[in-house]
Amino acid sequence: MKHFMFGIFLVSLISCDVKNQEKFSLQGTTKDIKDGSTLYLIHEDKPIDSATVNDNTFRFETELTDAPLQVILSKKDFSQYRFLWLEDRPMVFDASATDFSRAQVIGSKEENLSQALDKKTEPIDRSKRAPIQQEFIKNNPNSLNSAYILSVYSTTWGKETTQELFENFPEDIKQSSYGKEIAKYIELNQNPAIGDSYIDFEMEDPEGNLKKLSDIDEKLILLEFWASNCGPCRKEHPNLIKTYEKFHPKGFEIFAVSHDADKKKWLDAIEEDHLPWPQVSELTGDANSAGLIYGVNGIPDNFLINAEGTIIERNLRGENLYDKLNELLN
C-alpha cells in the first residue's frame, strides 16, 4: 500500500512539474541597471507586461495570449533592449556579462533557432544574408521564426521565391499571423515595372471616404508610398511640396499611400508637414495592400504615371523628380 501511495505521489509531482513547465516565466539578470528601473515586454508596439529591476534582477510571469510570441524586452526609452521569442515554459535571461542586446536566453526552442541563425548572419553584410536565411527557412519549415523571416523579406525576395518557401510550411504555420501576411502578399503582388500599366486600388482617406487611384484625372500622377515614422520620407516632404506647388497647376497630382498603423500618428504627420495632396491608408503598416500589389519593399518609394496610365518612372526624388516634371509638363 505504501508503494502504491508513493507511486501516486511521484505521478502527482511529475504532473505538477509538467504543468509548471507549460507556464511562461522569465527570470532575468542584468548589469548596471539602476534599482527601480522598469522593463517592458512589448508586442506589436504595445506593452503586454512590465517588471521592476532590483539588484540587477527581474522576473516576468506573464500569461501569454499566444506562443511562441516574438517580443522586445526593453526599458521605456529603448536605451536597453533585446528581441526574443517567448514560449509557455520557464525561461532565463542573462545579461550579467554581456551587453543587454546580446544576453543569453534559454528555455525557448524558437529563441535557440533565432540565436543560431544570428551567429551565422551577423558577420555577413546585410545584402548577402538572403541565401543563409532562405536555407534556414527550408530546413525549419515548422518554425514560426521561419514564417516571421519570410514575412519580413517576401517583398525583397520576390513572389516566386516567397511562394516556393511558403509551400513547405505546415498548415498551422500558414495560418499564423505571419503566414497570413505572406499569403496576402502572394495573392496580391503584381510588381508592375516601368512601361507597364498602373494597377488600380481603393482605400480610405483620413475622413473615411473611399478613394481610387483611377479617380485622379491629371497629366501626371505620383503614386507615393510613405509613413509617419519614416525619417527619409518626412525629410523629403519640403522638396516634394515645392515641386507640387510648381507643377500642380500644370496637371501634376500626388496620391499618397501611408504604411502607418496608427491613425493619429498618420494624421499628425500630414498636419505637421502641411501635405496638401490626397492621402489614403489601410492602417495596416507594411501589410498595406497597395504596397504589396506594387512590390514596395522599402519606403519612401513612388511610381510616376502618365495620362495613358503607363508607369514611366520609379523612385524619383528631389531634383530628379523636379527635372522630369519640368521636361514633361513645360
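Criteria and thresholds
Residues numbered from 1 in each chain as written. Predicted model: local features only at pLDDT ≥ 70, side-chain atom pairs only at ≥ 80, totals over all residues. Heavy atoms only, no water. Salt bridge = Lys/Arg side-chain N within 4 Å of Asp/Glu carboxyl O. Helix = DSSP H or I, 4+ residues; strand = E, 2+ residues; numbered from the N terminus. Buried < 20%, exposed > 50% of the residue type's maximum accessible area, 1.4 Å probe, protein only. Patch = residues over 30% accessible without salt bridge, like charges linked within 9 Å, V, L, I, M, F, W, Y side chains within 5 Å. Areas by Shrake-Rupley, 256 points an atom, 1.4 Å probe, with all protein chains shown as cover. Lys, Arg positive; Asp, Glu negative; His and termini not counted. Charge placed at Lys NZ, Arg CZ, Asp CG, Glu CD. Pairing = 2+ DSSP bridges. Axes fitted to C-alpha atoms, helices over the stretch in contact; angles between N-to-C directions. Disulfide = S-S within 2.5 Å. Core = buried A, V, L, I, M, F, W, Y, C linked by side-chain atoms within 4.5 Å. Contact = heavy atoms within 4.5 Å. Parallel < 35°, antiparallel > 145°, perpendicular 65-115°, else oblique. Left-handed = near helix turned anticlockwise from the far one by under 90°. Nonpolar A, V, L, I, M, F, W, Y, C, P; charged D, E, K, R; others polar.

Draft legend 1. Broad picture of the pattern of salt bridges. Summed over all chains, the structure comprises 11 salt bridges. Between Glu 313 and Lys 324 there is a salt bridge; the shortest N-O distance is 3.5 Å. Taken together, the residues Glu 313 in strand E15 (residues 311–314) and Lys 324 in helix H11 (residues 318–329) connect sequence positions 11 residues apart. On the accessibility criterion, Lys 324 (19% relative accessible area) is buried. The salt bridge partner of Glu 327 is Lys 324, with a shortest N-O separation of 3.8 Å. Residue Glu 327 and its partner Lys 324 are located together in helix H11, separated by three residues, close to a single helical turn. A relative accessible area of 54% places Glu 327 in the exposed class.

Draft legend 2. A negative patch on the surface, seen in detail. Negative charge collects at one region of the surface, where Glu 44, Asp 45, Glu 181, Asp 262 and Asp 286 lie side by side. Position of Asp 286 among the secondary structure elements: in the loop between strand E13 (279–281) and helix H10 (289–294).

Draft legend 3. Structural context of the sheet that holds strand E7 (residues 90–94). If you walk across this open sheet you meet the four strands as E4-E1-E7-E8, and the pairing is mixed. Whereas interior strands pair on both sides, the edge strands pair on one side only; in this sheet they are strand E4 (57–60) and strand E8 (104–106). Put simply, the sheet's adjacent strands are angled 10° from each other on average, direction ignored.

Draft legend 4. Looking closely at the state of the cysteines. Taken as a whole and judged by the stated rule, the model has one disulfide. Residue pairing for Cys 230: its cysteine sulfur links by disulfide to Cys 233, the two sulfurs lying 2.2 Å apart. Between Cys 230 and Cys 233, the S-S dihedral sits near 75°, and the bridge is therefore right-handed. For Cys 230, a relative accessible area of 8% corresponds to the buried category. The exposure class of Cys 233 is buried, given its relative accessible area of 1%.

Draft legend 5. The arrangement of the nonpolar core in detail. Grouped together as the largest cluster of nonpolar side chains are 23 residues, with contacts concentrated most on Leu 222, Trp 226, Phe 252, Ile 254, Trp 277, Leu 304 and Leu 325. Breaking this core down by element, the ones donating at least two residues are strand E11 (220–226), helix H8 (231–247), strand E12 (252–258), helix H9 (263–272) and H11. Ignoring sequence-local partners within four residues, the contact set of Leu 325 consists of Leu 220, Thr 243, Phe 247, Phe 252, Leu 304 and Asn 330. Listed in part, the 21 residues of the second largest apolar core include Phe 24, Ile 33, Val 71 and Ala 103.

Draft legend 6. Up close: the packing of helix H3 (residues 130–139) against helix H4 (residues 144–157). H4 packs onto H3 with a crossing angle of 135° between their chain directions and a minimal axis gap of 10 Å. Judged by the inter-axis angle, H3 sits oblique to H4. The element H3 and its partner H4 pack so that their crossing is left-handed. Every residue of H4 that contacts H3 at Ala 130, Gln 133, Gln 134, Phe 136 and Ile 137 is listed here: Asn 145, Ser 146, Ile 149, Leu 150, Tyr 153 and Trp 157. Classifying every residue of the contact of H3 with H4 gives seven nonpolar, four polar and no charged.

Draft legend 7. Quick look at unusual backbone geometry. Cis geometry is found at the peptide bond from Ala 67 to Pro 68, where omega equals 0°. Along the chain, Pro 68 turns up in the loop between E4 and strand E5 (69–75). Look at the link from Ile 299 to Pro 300: it is a cis peptide, with omega at 5°. Along the chain, Pro 300 turns up in the loop between H10 and strand E14 (301–306). If you check the backbone angles, Asp 45 has positive phi at about 70° while not being a glycine. Looking at the secondary structure, you find Asp 45 in the loop between strand E2 (38–43) and strand E3 (46–52). In this model, Asp 55 sits at a positive phi of 55°, which is unusual for a non-glycine residue. Assignment of secondary structure puts Asp 55 in the loop between E3 and E4.

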